[in-house]
Amino acid sequence: MKIAKNTVVTVEYSLSDTLGNLIEQGQEPMIYLHGGYENTLPKIEEALEGKDVGFNETIQVEPEDAFGEYDAELVKMEERSRLPSPIEVGMQFEGTPDDDEEGEGLIFTVTEIAEDKVVLDGNHPLAGIALRFTLNVIDVREATAEEIAHGHVHGAHGHPDEDEEDGEYRTYPLH
């Protein structure tokens, strides 16, 4: 079966930067509903469209087609007293950029801690990085009517929120 809209695709993958530094080796395959449901990057869907089981390729995805360009405006400094204690580098908080109080919240990651200041970065950790995905298609099947209606893959026994063990199905909404 060829990959087309409303098929469920199972892909083994690895992710690296353009220098070949491994960022992530998928411990389990990515399983997603193909066809513009925002379950994976559009460039991955584009590369897999019309392919079938056994297709193997490495594709490069530029920042604007992945997690965006790095935006220095999304880095803010906050008073340490405004954040919970204890605080550590790597902790994350939801917030809005300074100039967008009514906008959609972002996840800010603590990147530095000084005596009384904390640096928070609202960029995705992979923002500004061209990425290389090595993809190996291991299964393609027709999606069920329920999966199509819900816009994501369900497990063998129904909706993943009800019957699946954590981590068995990996889809990533990217909005």
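This structure is a prediction, so every number in the text was calculated from the model and none was measured. (Residues numbered from 1 in each chain as written. Predicted model: local features only at pLDDT ≥ 70, side-chain atom pairs only at ≥ 80, totals over all residues. Heavy atoms only, no water.)

Chemist: It is not clear to me how the environment of Asp121 should be interpreted in this structure. Could you clarify?
Modeler: With respect to the helices and strands, Asp121 occurs in strand E8 (residues 117-121). By relative accessible area, which is 11% here, Asp121 ends up buried. Look past the residues within four positions of Asp121 in its chain and what remains in contact with it is Tyr70, Leu74, Val75, Ile107, Phe108, Thr109 and Thr111. In this structure the side chain of Asp121 is engaged in a polar contact, spanning 2.8 Å, whose partner is the side chain of Tyr70. (Helix = DSSP H or I, 4+ residues; strand = E, 2+ residues; numbered from the N terminus. Buried < 20%, exposed > 50% of the residue type's maximum accessible area, 1.4 Å probe, protein only. Contact = heavy atoms within 4.5 Å. Polar contact = N/O pair within 3.5 Å; in protein donor to acceptor, adjacent residues only side chain to side chain.)

Chemist: Where do I start with the side chain of Thr10 in this structure?
Modeler: Along the chain, the position of Thr10 falls in strand E1 (residues 7-17). Residue Thr10 is classed as buried on the basis of its relative accessible area, which comes to 10%. Apart from the residues lying within four places of it in its own chain, the contact partners of Thr10 are Pro29, Met30, Ile31, Asn136, Val137, Ile138 and Asp139.

Chemist: Before we go on, may I ask you to explain a negative patch on the surface in this structure?
Modeler: A cluster of acidic residues, Glu62, Glu64, Asp65 and Glu69, forms a negative patch at the surface. Tracing the sequence through the fold places Glu69 in the loop between strand E4 (56-61) and strand E5 (75-79). (Patch = residues over 30% accessible without salt bridge, like charges linked within 9 Å, V, L, I, M, F, W, Y side chains within 5 Å. Areas by Shrake-Rupley, 256 points an atom, 1.4 Å probe, with all protein chains shown as cover. Salt bridge = Lys/Arg side-chain N within 4 Å of Asp/Glu carboxyl O. Lys, Arg positive; Asp, Glu negative; His and termini not counted. Charge placed at Lys NZ, Arg CZ, Asp CG, Glu CD.)

Chemist: Just to check I follow, could you spell out the environment of Ser14 for this structure?
Modeler: You can see Ser14 is positioned in strand E1. In this structure the C-alpha to C-alpha distance between Ser14 and Pro29, which are 15 residues apart in sequence, comes to 9.7 Å. Other than its neighbours up to four places away in sequence, Ser14 contacts Leu22, Glu24, Gln25, Arg132, Phe133 and Thr134.

Chemist: What am I meant to see in the confidence of the model for the chain here?
Modeler: Caution is warranted with low-pLDDT regions, since their predicted coordinates should not be read in detail. Averaged over the chain, the pLDDT score is 87; the fraction of residues at 70 or greater is 85%. Here residues 162-175 scores under 50 on pLDDT; set against residues more than four positions off or in separate chains, the count is 38 contacts. (pLDDT = per-residue confidence, 0-100.)

Chemist: Can you walk me through the pattern of salt bridges in this structure?
Modeler: Side chains bearing opposite charge may pair, as long as their charged atoms lie close to each other. Across all of its chains, the model carries six salt bridges by this definition. With its nearest N and O atoms 3.9 Å apart, the salt bridge here joins Glu78 to Lys76. Residue Glu79 pairs with Lys117 through a salt bridge whose shortest N-O separation is 2.4 Å. A residue pair is termed long-range when its members are at least 10 positions apart, and Glu79 in strand E5 and Lys117 in strand E8 qualify at 38 residues. A network of salt bridges, in which partner residues are shared, links Lys76, Glu78 and Arg82.

Chemist: Is there a simple way to think about the sheet that holds strand E7 (residues 106-113) in this case?
Modeler: Where strands meet in a sheet, backbone hydrogen bonds hold them as pairs that are either parallel or antiparallel. Spatial strand order, E5-E8-E7-E6: four strands in an open sheet with antiparallel pairing. The strands lining the two open edges of the sheet, one partner per strand, are E5 and strand E6 (92-95). When the angles between neighbouring strand axes are averaged without regard to direction, this sheet yields 40 degrees. As judged from the four bridges shared by E7 and E8, these two strands associate in the antiparallel manner. Within E8, the residue paired with Val110 across the bridge is Leu120. (Pairing = 2+ DSSP bridges. Axes fitted to C-alpha atoms, helices over the stretch in contact; angles between N-to-C directions.)

Chemist: Help me out: how do you make sense of the packing of aromatic side chains in this one?
Modeler: How two aromatic rings sit relative to each other is set out by the distance from centre to centre and by the angle between their planes. For the structure shown, the criterion picks out zero aromatic pairs. In this structure, Lys51 is placed above the aromatic ring of Phe55, and the distance from its NZ or CZ to the ring centre is 5.2 Å. Positioned above the aromatic ring of Phe108 is the side chain of Lys76, whose terminal nitrogen or guanidinium carbon lies 4.9 Å from the ring centre. (Phe/Tyr/Trp six-rings, centres within 6.5 Å; stacked < 30°, edge-to-face > 60°. Lys NZ or Arg CZ within 6 Å of the ring centre and 35° of its normal.)

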